[in-house]
Amino acid sequence: MNAIDLLIADHERVKALLTQLSESTERGVKKRTELLAKLEMEITLHTKLEEEILYPAFRKAGGKEQDIMYHEAKEEHRTVDSLVLPDLKQTDPSTTEFSGRVKVVKELLEHHIEEEESEMFPQAKKLLGKAQLEELGAEMEAMKAAYKKSLSAKPMAA
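Please read these numbers as outputs of a predicted model, since none were measured by experiment.

Reading the values: the criteria
Residues numbered from 1 in each chain as written. Predicted model: local features only at pLDDT ≥ 70, side-chain atom pairs only at ≥ 80, totals over all residues. Heavy atoms only, no water. Helix = DSSP H or I, 4+ residues; strand = E, 2+ residues; numbered from the N terminus. Rg over C-alpha atoms; globule rule 2.2 N^0.38 Å. Buried < 20%, exposed > 50% of the residue type's maximum accessible area, 1.4 Å probe, protein only. Contact = heavy atoms within 4.5 Å. UniProt positions renumbered as here; feature names shortened; annotations may be inferred. Phe/Tyr/Trp six-rings, centres within 6.5 Å; stacked < 30°, edge-to-face > 60°. Axes fitted to C-alpha atoms, helices over the stretch in contact; angles between N-to-C directions. Parallel < 35°, antiparallel > 145°, perpendicular 65-115°, else oblique. Left-handed = near helix turned anticlockwise from the far one by under 90°. Nonpolar A, V, L, I, M, F, W, Y, C, P; charged D, E, K, R; others polar. Core = buried A, V, L, I, M, F, W, Y, C linked by side-chain atoms within 4.5 Å. Salt bridge = Lys/Arg side-chain N within 4 Å of Asp/Glu carboxyl O. Expected span 1.5 Å × (residues − 1). Bend = angle between axes of the 7 residues up to and from the residue.

Chemist: Could you clarify how one ought to interpret the overall build of the protein in this entry?
Modeler: Broken down by element type, the protein carries 4 helices and 0 strands. Here the protein has a C-alpha radius of gyration of 17 Å; the compact-globule value for 158 residues is 15 Å, and the two agree. The burial tally for the protein puts 39% of its 158 residues in the buried class. When contacts within the protein are restricted to residue pairs at least 6 apart in sequence, those whose partners lie at least 24 apart make up 78%.

Here it is, written out as structure tokens:
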């Protein structure tokens, strides 16, 4: 699978989780907790794939415009990973505050996904070409498998 197709499939999973989370109610504490854990895992892995594999290749192949796009995308990741997601994880899932924070996370991520899919990915296809995108996709699949293996090897907290 090429890198862009793989990342778009990730985006679809993240959007589905965000929709389920935003449609959940304050009474669904267990469901919200499980969905948030899945969302965090998907986002963590996806960010790693983009920042370690696609973004550097995109930046290297491009010029000033791609460099700016690279930094903007990384900053959007940092905002979600360092600020928004940790806040959401510390919010009681039985509250309306949790619902409000989910809405903000959803809006931020949907904006980021839209920018990548409408601006960065089409440029990456042109700049990198089919063969390199296939190589990057194989690298991503290997990284994904290694990450999932490391997760399953960790003992579950009691």
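Chemist: Could you clarify how one ought to interpret the UniProt feature "domain: Hemerythrin-like" (unreviewed entry) in the protein in this entry?
Modeler: The feature "domain: Hemerythrin-like" (unreviewed entry), as annotated in UniProt, sits at residues 3-124 in this numbering. Counted over residues 3-124, helix gives 89% and strand 0%. Its end C-alpha atoms are 10 Å apart.

Chemist: Please explain the environment of L45 as it appears in this structure.
Modeler: In this structure, L45 sits in helix α2 (residues 29-61). By relative accessible area, which is 5% here, L45 ends up buried. Sequence separation of L45 and H11 is 34 residues, and the distance between their C-alpha atoms is 12 Å.

Chemist: Help me out: how do you make sense of the packing of aromatic side chains in this one?
Modeler: How two aromatic rings sit relative to each other is set out by the distance from centre to centre and by the angle between their planes. Taken as a whole, this structure holds 1 aromatic pair when the rule is applied. Relative to Y70, the ring of Y55 has its centre 6.3 Å away and its plane inclined at 75°; by these criteria the two rings are edge-to-face. Separated by 15 residues along the polypeptide, Y55 in helix α2 and Y70 in helix α3 (residues 64-89) bring together distant segments of the chain.

Chemist: Whenever I open this one, the packing of helix α1 (residues 3-23) against α2 confuses me. Can you help?
Modeler: Each pair of packed helices can be summarised by the angle the axes make with each other and by the distance between the axes. The N-to-C vectors of α1 and α2 enclose an angle of 155°; their axes lie 10 Å apart at closest approach. As the angle between them shows, α1 and α2 are arranged roughly antiparallel. Considering only the axes of α1 and α2, their crossing is left-handed. Across the interface between the two elements, I4, L6, L7, D10, H11, R13, V14, L17, L18, Q20 and L21 from α1 touch R32, L35, L36, K38, L39, E42, I43, H46, L49, E50 and L54 from α2. Here the residues of the contact of α1 with α2 sort into 13 nonpolar, 3 polar and 6 charged.

Chemist: Just checking my understanding: could you explain the nonpolar core for this structure?
Modeler: Within soluble globular proteins, side chains that are nonpolar tend to cluster in buried spots. Grouped together as the largest cluster of nonpolar side chains are 23 residues, with contacts concentrated most on L49, L54, L136 and M140. Elements that contribute at least two residues to this core include exactly α1, α2, α3 and α4 (96-153). Beyond its immediate chain neighbours, meaning those up to four positions away, M140 contacts A3, L6, L7, L49, I53 and L54. Of all hydrophobic cores here, the second largest spans 17 residues; its members include L36, V84, L85 and L88.

Chemist: Help me understand the pattern of salt bridges, please; the structure alone is not making it clear to me.
Modeler: If charged atoms from side chains of opposite charge come close, those side chains can pair. For the structure shown, the criterion picks out 13 salt bridges. Between E52 and K48 there is a salt bridge, and its shortest N-O distance comes to 3.4 Å. With E52 and K48 both in helix α2, this residue pair falls 4 residues apart, about one helical turn. Between R101 and E97 there is a salt bridge whose closest N-O contact spans 3.2 Å. Of this pair, R101 and E97 both sit in helix α4, 4 residues apart, roughly one helical turn. Taken together, the salt bridges that share partners define one network made up of D10, R13, E42 and K144.

Chemist: Which parts of the structure should I look at to understand the side chain of H77?
Modeler: In this fold, H77 is placed in helix α3. In this view, H77 contacts T47, E50, E51, Y55, H112 and E116; residues no more than four positions away in its chain are not counted.

Chemist: Teacher, can you tell me more about α4 here?
Modeler: Since the α-helix turns once every 3.6 residues, residues separated by three or four places project in the same direction. Given a rise of 1.5 Å per residue, 58 residues ought to cover 86 Å, yet the end C-alpha atoms of α4 are separated by just 36 Å, more than 12% below that figure. At G129, α4 shows its largest kink, close to 100°.

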